Amino acid sequence: MKIAIIGSGYVGLVSGACLADFGHTVTCIDKDAFKISALKRGDIPIFEPGLESLIVRNLQDERLTFTTDFAGPVGEADAVFIAVGTPSRRGDGHADLCHVYEAAREIAHALRGSTVVITKSTVPVGTGDEVERIIREECPHADFAVASNPEFLREGAAIQDFKHPDRIVIGVESDLARQVLMQVYRPLFLNKSPVLFTSRRSAELIKYAANAFLAMKITFINEIADLCEKVNADIQEVALGIGSDNRIGSKFLHAGPGFGGSCFPKDTVALIKSAQDYGSSVRLVETTVAINDARKRAMARRIIEAVGGNVRGKTIAIFGLTFKPNTDDMREAPSISIIQALQDAGAHIQAYDPKGMEQARMLWSDVAFRSNPYDAAENASAICILTEWEQFRALDFKRLAKLVATPIMLDFRNIYSADEVTSHGFAYFRIGAASRTGPAPTNVSPSEQEAVA
Ligand code: UGA
């Protein structure tokens, strides 16, 4: 089967590489000539575990090609995926669909023979209808069908998610679209991955509803974590206790500094706007967004309180900048609000992230980026873990204790146990449980010791 994918961003690249790996002949198309020539050489513009080798292998086997040429590959394709970005529209938070509609217009002029056009980009309900209308208007005699096939990939686990999905959602309005998409996903059908055929509009809404629900679940557990701190309960025990109920499920119950990334923040706001347009309200989602925004900045206050209420002139070490591990993506990362608030309060920031520092350097010129966690901890009044990278799970606390100005650890991802951290003389603060002090630190002034206690 011949497939063209428009947009070589995160979704386009992962989908293109995986579909080529299934044995299809895939052409990834992007207007960015610089990006395309890099991809042709096997240089991947994003960090995603396993993606580079998958792309290189399929390039070598000539199942995957990259091009800026639109008409040729689209004309030959049985299936054309639109995988362009749908960022928040400046000013009102609506999904900006200009790239989707532009792609639809260009597709219309390139179509030859029977083709299924599939939106993979996250798009509001009704976008498929508009894509169909545009193609019909531009090319009245074209033989085509429009389908919706939202993706549910998580950054950092995208290839696993594509090849072993919990479900594949396919929204179709015609038998042609159904047959072609069954062929596209044939290897997954054979693997017995659950496939849900729905109407096109339902498929579009499923994507937003899924992301909004997950964002709400995280926000719920974050609020329960705050309550745990007040009533001296432990969020990890509570999460286990509620998550063991199959109706609730244990995933996405990790309390933390608030959700970030390129999807949840943008998609929750877009869902709210769409719902408003239809005169329907999604108040739970509105509240989720408001709580999450406030939470990120409130995290900085916790750090300030932990060092005694004043960070002016003090150094704070930040371990982890990306919105989650195994990505270099900094979009809407909690670190952005937290570092900003700490700097506003006069703190000096020393930061380390295994993959995110290149992106982070574009955000801050006044953060001292260090090449490992130990250099970042030097002379710090507190260390704060913001992203749960594997390499932060086995830190050498003895070494850290000698480097810091004050042994205070704020673990916003709950990757340590209090006993482990306090046994090295650190005061330990985590999300959703009472803070714990260690034995009196030796290199701390009396006022700072008071603050820690
Ligand atoms: C999310 C969805 O999980 C994917 O299914 C979806 O395809 C994708 O958005 C998208 O729409 O493209 P992603 O943004 O890559 O994927 O990341 P997640 O793993 O969902 O994490 C999002 C945020 O929630 C991160 O900041 C993470 O730290 C936070 N999180 C997640 C928590 O704080 N607690 C949890 O229990 C889980």
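Residues numbered from 1 in each chain as written. Predicted model: local features only at pLDDT ≥ 70, side-chain atom pairs only at ≥ 80, totals over all residues. Heavy atoms only, no water.

Draft legend 1. Here's a closer look at the overall build of the protein. Broken down by element type, the protein carries 19 helices and 14 strands. Its C-alpha radius of gyration of 24 Å places the protein within 12% of the 22 Å reference for a compact globule of 453 residues. Taken along the three principal axes of its C-alpha coordinates, the protein extends 80 × 45 × 40 Å. Here the protein holds 453 residues, and 53% of them are scored as buried. Summarising the internal contacts of the protein: among those between residues at least 6 apart in sequence, 72% fall at separations of at least 24. With an accessible surface of roughly 19,900 Å², the protein has 50% of that area assigned to carbon and sulfur atoms. Both charge centroids of the protein, one from 49 positive and one from 56 negative side chains, sit 2 Å from each other. (Helix = DSSP H or I, 4+ residues; strand = E, 2+ residues; numbered from the N terminus. Rg over C-alpha atoms; globule rule 2.2 N^0.38 Å. Buried < 20%, exposed > 50% of the residue type's maximum accessible area, 1.4 Å probe, protein only. Contact = heavy atoms within 4.5 Å. Areas by Shrake-Rupley, 256 points an atom, 1.4 Å probe, with all protein chains shown as cover. Lys, Arg positive; Asp, Glu negative; His and termini not counted. Charge placed at Lys NZ, Arg CZ, Asp CG, Glu CD.)

Draft legend 2. Molecular detail of the environment of D226. Looking at the secondary structure, you find D226 in helix α10 (residues 200-231). Taking C-alpha positions, D226 is 39 Å from S148, a pair spaced 78 residues apart along the chain. With sequence-adjacent residues up to four places away left out, D226 is seen in contact with R295 and R302.

Draft legend 3. The sheet that holds strand β13 (residues 408-411), seen in detail. Ordered by their spatial adjacency, six strands build an open sheet running β11-β10-β9-β12-β13-β14, and the pairing between neighbours is parallel. Both edges of this open sheet fall to β11 (368-369) and β14 (427-430), since each of them pairs with a single strand only. Relative to β13, strand β12 (residues 382-385) runs parallel, the two sharing three bridges. Note that in β13 the partner of I385 across the bridge is D411. (Pairing = 2+ DSSP bridges.)

Draft legend 4. Spotlight on the site of the ligand. Taken together, 19 residues are adjacent to the ligand, and L153, E155, K207, N211 and C263 come closest. For the ligand, an oxygen atom lies 3.0 Å from a polar atom in the backbone of G260. Going through the elements one at a time, α10 and α12 (264-277) are the ones with two or more residues in the shell around the ligand. With three residues, α10 is the largest single contributor of residues to the shell around the ligand. In the shell around the ligand, the residues fall into nine nonpolar, three polar and seven charged. (Near = heavy atom within 4 Å. Polar contact = N/O pair within 3.5 Å; in protein donor to acceptor, adjacent residues only side chain to side chain. Nonpolar A, V, L, I, M, F, W, Y, C, P; charged D, E, K, R; others polar.)

Draft legend 5. Main features of the pairing of strand β10 (residues 348-352). With four of its five residues buried, β10 lies for the most part within the structure. Judged from the five bridges that link them, strand β9 (residues 315-319) and β10 form a sheet pairing that is parallel. Bridge assignment links A317 to a residue of β10, and that residue is Q350. Each parallel crossover has a hand, and for β9 linked through helix α14 (residues 334-344) to β10 it is right-handed. Taken together, β10, helix α15 (residues 357-363) and β11 form a β-α-β motif whose crossover is right-handed. (Right-handed = clockwise from strand over helix to strand, strands pointing away.)

Draft legend 6. The arrangement of the packing of helix α13 (residues 283-306) against α14 in detail. Orientation of α13 relative to α14, taken along the N-to-C sense of each, is 50 degrees, at an axis distance of 8 Å. Considering the angle they form, α13 stands oblique to α14. As α13 runs across α14, the sense of the crossing is right-handed. Where α13 approaches α14, its residues K296, R297, M299, A300, I303 and I304 are matched on the opposing element by P334, S337, I338, Q340, A341, L342 and D344. (Axes fitted to C-alpha atoms, helices over the stretch in contact; angles between N-to-C directions. Parallel < 35°, antiparallel > 145°, perpendicular 65-115°, else oblique. Left-handed = near helix turned anticlockwise from the far one by under 90°.)

Draft legend 7. Region of the structure containing the pattern of salt bridges. Applying the stated criterion to the full structure yields 27 salt bridges. The salt bridge partner of R154 is D161, with a shortest N-O separation of 2.7 Å. The class for R154 is partly exposed, based on a relative accessible area of 40%. Between D234 and R430 there is a salt bridge, and its shortest N-O distance comes to 2.6 Å. Within this pair, whereas D234 is found in the loop between α10 and α11 (235-243), its partner R430 is found in strand β14, the two being separated by 196 residues in sequence. The pair formed by D234 and R430 is uniform in burial state, with each residue classed as buried. (Salt bridge = Lys/Arg side-chain N within 4 Å of Asp/Glu carboxyl O.)

Draft legend 8. The domain arrangement of the protein, seen in detail. Taken domain by domain, the protein holds domain 1 (2-198) and domain 2 (199-453). Of the residues lining the interface, 36 residues belong to domain 1; the matching set on domain 2 comes to 28 residues. Between domain 1 and domain 2, roughly 2,700 Å² of surface is buried when both sides are summed, and carbon and sulfur atoms account for 54% of that area. A salt bridge links E132 to R200; the nearest nitrogen and oxygen atoms lie 2.8 Å apart. Across the contact surface, domain 1 and domain 2 share 15 residue pairs in polar contact (both at pLDDT 80 or more). Among the elements of the structure, α6 (127-138), β6 (144-148) and β7 (168-171) are those that each provide at least two residues to the side of domain 1 that touches domain 2. (Domains from an automatic or database assignment. Buried area = accessible area lost by both parts, 1.4 Å probe.)

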